[in-house]
Amino acid sequence: MQRAVVTGSVWSTKRIDGLPNGAFLEVELHGDGAKIVAFDVLGSGIGEQVLVALGSVAATWFPGAPPPVDALIIGSVDAMPAEPATRRTRRTAKTAG
């Protein structure tokens, strides 16, 4: 599972049979900045932080024969724990002398 932000919509007027209602969204993965297309059944919007399941796990969520989906938005991120503060190094004061 990866954290990502929705960056855009991908419009597709033709789809394979058996794909449920949902949208194709472009998401940018947290960390490496890679952009991928993920299938969304939650109604996520541009700018929203989401959780994305990748690979065969994404397709097995669907009932019946799994569709060819390898990225699925599975959650919306409401809050993340604060990132740890950067470690500060102690500077020694130099005395005039």
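Provided above is the structure to which this section pertains.
Worth saying up front: this structure is predicted, and the values here are computed from it rather than measured.

**Points about the overall build of the protein chain**
Across its full length, the protein chain carries one helix and five strands. Counting from the amino terminus, the protein chain carries its helices and strands in the arrangement β-β-β-β-α-β. Classification of the 97 residues of the protein chain by burial places 25% in the buried group. Look at the contacts in the protein chain between residues 6 or more apart in sequence, and 47% of them connect residues 24 or more apart.

**Here we look at the packing of aromatic side chains**
Taken as a whole, this structure holds three aromatic pairs when the rule is applied. Their ring planes at 80° and their centres at 5.0 Å tell us that W61 and F62 sit as a pair that is edge-to-face. By relative accessible area, which is 53% here, W61 ends up exposed. Here F62 falls in the buried class, since its relative accessible area comes to 6%. By the ring-pair criterion, three or more aromatic residues cluster together here, those being F24, F39, W61 and F62.

**Notes on the nonpolar core**
Core analysis: the biggest nonpolar cluster contains 10 residues, these being A4, V6, L25, V27, L29, A38, V50, V52, A71 and I73. Of all the elements in the fold, those that place two or more residues in this core are strand 1 (2-10), strand 2 (23-29), strand 4 (49-54) and strand 5 (71-76). For this core, the element with the highest residue contribution is strand 2, accounting for three residues. Setting aside its immediate chain neighbours within four residues, V27 contacts A4, V5, V6, T7, A34, K35, I36, A38, V50, V52 and I73. If you look at the next biggest cluster of nonpolar residues, it comprises six residues, including L19, F39, A58 and L72.

**Regarding the sheet that holds strand 4**
Pairing is mixed around the closed barrel formed by five strands, whose spatial order is 1-2-3-5-4. Strand after strand, the sheet turns through a mean of 55° between neighbouring axes, direction not considered. Across four bridges, the pairing between strand 1 and strand 4 is antiparallel. Following the sheet pairing, V5 is matched in strand 4 by Q49.

**Observations concerning a nonpolar patch on the surface**
A cluster of nonpolar side chains, V41, L42 and W61, forms an exposed patch at the surface whose accessible area comes to about 300 Å². Residue placement: L42 occurs in the loop between strand 3 (35-40) and strand 4.

**Focus on the environment of F39**
Examined against the element boundaries, F39 turns out to sit in strand 3. Note: C-alpha distance between F39 and A23 (16 residues apart in sequence) is 5.8 Å. Setting aside residues up to four positions removed in sequence, F39 forms contacts with R15, L19, P20, N21, G22, A23, F24, F62, V69, A71, L72 and I73.

What counts, and at which threshold
- Residues numbered from 1 in each chain as written.
- Predicted model: local features only at pLDDT ≥ 70, side-chain atom pairs only at ≥ 80, totals over all residues.
- Heavy atoms only, no water.
- Helix = DSSP H or I, 4+ residues; strand = E, 2+ residues; numbered from the N terminus.
- Buried < 20%, exposed > 50% of the residue type's maximum accessible area, 1.4 Å probe, protein only.
- Contact = heavy atoms within 4.5 Å.
- Phe/Tyr/Trp six-rings, centres within 6.5 Å; stacked < 30°, edge-to-face > 60°.
- Core = buried A, V, L, I, M, F, W, Y, C linked by side-chain atoms within 4.5 Å.
- Pairing = 2+ DSSP bridges.
- Axes fitted to C-alpha atoms, helices over the stretch in contact; angles between N-to-C directions.
- Patch = residues over 30% accessible without salt bridge, like charges linked within 9 Å, V, L, I, M, F, W, Y side chains within 5 Å.
- Areas by Shrake-Rupley, 256 points an atom, 1.4 Å probe, with all protein chains shown as cover.
- Salt bridge = Lys/Arg side-chain N within 4 Å of Asp/Glu carboxyl O.

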